[in-house]
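So the chains spell out like this:
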Amino acid sequence: MDGTAAAPTQATDCHGGRETMLEAARAAGKTEMLAGLAKDYPRGPHDQPQSMCPAFGSLRVGLRMRRTATILSGSACCVYGLTFTSHFYGAKRTVGYVPFNSESLVRGQLFEDIRTAVHDMAKPEEYDTVVIINLCVPTASGVPLDLLPKSINGVRIIGIDVPGFGVPTHAEAKDVLAGAMLRYARTEAEAGPVQRPRVVQEMPTVTLVGELFPADPVGVGAMLAPMGLAVAPQLPSREWRDLYAALDSRVVAAVHPFYTASIREFQAAGRPIVGSGPVGVEGTDAWLSAIGAAANVGAAEIDAAKARTLNPMRGALAGMRMKSRVTVSGYEGSELLVARLMIELGCEVPYVGTACPRTPWSDLDREWLNAHGCHVQYRASLEQDVAAMLEVKPDLAIGTTPLVQKAKELGTPAIYFTNMVSARPLLGIPGIGAMAAIVKAQTKSPERFAGMVAFFDGVGTGDNTGYGWQGTPEAHPQFREKYRKQRLAREKTLANQSMGS
Ligand code: SF4
């Protein structure tokens, strides 16, 4: 499996064309910001993986922080989609919105409206921080969030541009905000005393980077204890003071390897970075060695930590061996770790695709996977993931919504990465049990999927799908062409307005 089977197709962008928007943003003074995004989140080998609006990542990080107000500035349709998605994922917070129209955008009134909104929200009794996120159109129009005050009444103000034409995935958009907050917190810590963490650790700590299943950091803490290390509040953080504690760690573990801007802040604070994560016996063995070495822990303590964890892990793996063939695709950043664990469980994993870019922090996992016959595709497109699944014919396809849909149409057992795999432990011994249970449950009766295909036989495909029609729905390509032209004309007008503002 070499991953070259499918050339990714160029999807129509919701923001109306990357090049047009990039040009508009550059003309509006955003050249430096765009160059920073391109450096931190390189595209390629193709344009952009297909996933949800990238800004969702930043929004989610903001909404999960205590005493943090998050405001969006963008088109109403984008904001509708983003608020819908955030509440679907249980945000339980209000999403702020500063609306605009062509006139307020072109005349610069939008920035004034944002400034007013930020002043209104900056109430120290309610908030530590106000985050304002520029979506595609305000970014392309050059709305200068960097001109907002850095602080109002002691409330920190953080403005970020998260355009879909500049940030490839929602995973990396998490890093845009996490990195911006970390930079702010680092500057505060360098300037003088800062708030103590809620729980003060007696031992030196390790900061875990990435959104992890809540039990995973607890398990990692138990693994680290024999080395005299504890777990720091992780990044993305849950409240502002956690950022200081995360910065104050002895070692940073880039469990999710795509947090480039955040890692830069940790490195600026002098913290060593360790890639990969404690998955499976080989992964955990290597990770404990690397963490111990980075934290200057003695060989005896590292051995003690391994002795406590590795033998029970071997037992757990031996009791749950399986022989399924699995493909893994996703956009969470933990895809390589999941594939490693599957292979240690005995599965054959010929392909893992991740929408995230290649960074140094996943090198060990990539090398290990390659050595075990697994092709690793960074910036994987849906087409590449689907082609891999068609070629490999797995017993189980783990992937994104469209991939799972395709697999189910073919009668291939398939589950969603985000809802199923990311919603369970991955690290340490609990990860072994959780992963084995997922694969066993999904592969034990593949005939269910064949039954499903038979049940839906004859209902048509694509836009001809339907149940209860008297005949096949008729295609009217002339209407499509008419609306396509209208859409293009609208987009061109909007882009011209943006460039003229
Ligand atoms: S902000 Fe940009 S990428 Fe996101 S939905 Fe709107 S147009 Fe699309």
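Quick notes on the rules
By convention here, each chain's residues receive numbers from 1 onward along its written sequence. Reporting in this predicted model follows two pLDDT cut-offs: at least 70 for local features of residues, and 80 or more for side-chain atom pairs to be given and counted; totals over whole chains, interfaces and linings ignore these cut-offs and use all residues. Strands qualify as paired when DSSP identifies two bridges or more between them. Secondary structure follows DSSP: runs of H or I at least 4 residues long count as helices, runs of E at least 2 residues long count as strands, and numbering of each begins at the N terminus. Note on contacts: each residue gets a C-beta atom placed from the backbone, and two residues are in contact if those atoms are within 7 Å. Working convention: axes come from line fits to C-alpha atoms, limited for helices to the stretch in contact. Angles between N-to-C directions cover 0 to 180 degrees. Whether a residue is buried, exposed or partly exposed follows from its count of other C-beta atoms within 10 Å of its own C-beta, namely 20 or more, 12 or fewer, or something in between, respectively; the C-beta atoms are built from the backbone. We call a crossover right-handed when, viewed with the strands running away from us, the connection from the first strand over the helix to the second turns clockwise.

K.L.:
What's the story with the sheet that holds strand S1 (residues 68-73) in this structure? I'm lost.
P.N.:
The strands making up a sheet are joined through hydrogen bonds of the backbone, oriented either antiparallel or parallel. Pairing is mixed in the open sheet, where five strands are placed in the order S2-S1-S3-S5-S4. Edge positions in the sheet fall to strand S2 (95-97) and strand S4 (151-152), since each of these pairs with one other strand and no more. Summarising the sheet, strand S3 (residues 129-134) and strand S5 (residues 155-161) pair through six bridges and their orientation is parallel. Counterpart to valine 130 in the pairing with S5 is isoleucine 157. The strands that helix H6 (residues 109-121) touches are S1, S2, S3, S4 and S5; relative to S1, the one it contacts most, it runs at about 165°.

K.L.:
Explain the environment of lysine 393 here, please?
P.N.:
Residue placement: lysine 393 occurs in the loop between helix H16 (382-392) and strand S13 (396-399). Counting along the chain gives 35 residues from lysine 393 to glycine 428, while the straight-line C-alpha distance between them is 29 Å.

K.L.:
Mind showing me how you'd approach the pairing of strand S10 (residues 325-330) here?
P.N.:
Strand residues, when the strand is regular, have side chains that alternate between the two faces of the sheet. Taken across its six residues, S10 has five buried, putting it largely inside the fold. Relative to strand S11 (residues 348-354), S10 runs parallel, the two being bridged by five bridges. Following the sheet pairing, arginine 325 is matched in S11 by glutamate 348. Crossover S10 to S11 through helix H14 (residues 335-344) is right-handed.

K.L.:
Explain unusual backbone geometry here, please?
P.N.:
Most peptide bonds adopt trans geometry, and most residues besides glycine take a negative phi value. Backbone torsion omega between leucine 235 and proline 236 reads -5°, so that peptide bond is classified as cis. Topologically, proline 236 is positioned in the loop between strand S7 (230-231) and helix H10 (240-247). With phi around 55°, asparagine 153 is a residue other than glycine that occupies positive phi space. Relative to the helices and strands, asparagine 153 resides in the loop between S4 and S5. Taking the number of C-beta atoms within 10 Å as the measure of exposure, asparagine 153 has 11 and is therefore exposed. For serine 276, which is not glycine, the phi dihedral falls at a positive 60°. Inspection of the secondary structure puts serine 276 in the loop between strand S9 (273-274) and helix H12 (280-294). Assessed through the 24 C-beta atoms surrounding it within 10 Å, serine 276 is described here as buried.

Read these as geometric descriptors, not functional statements.
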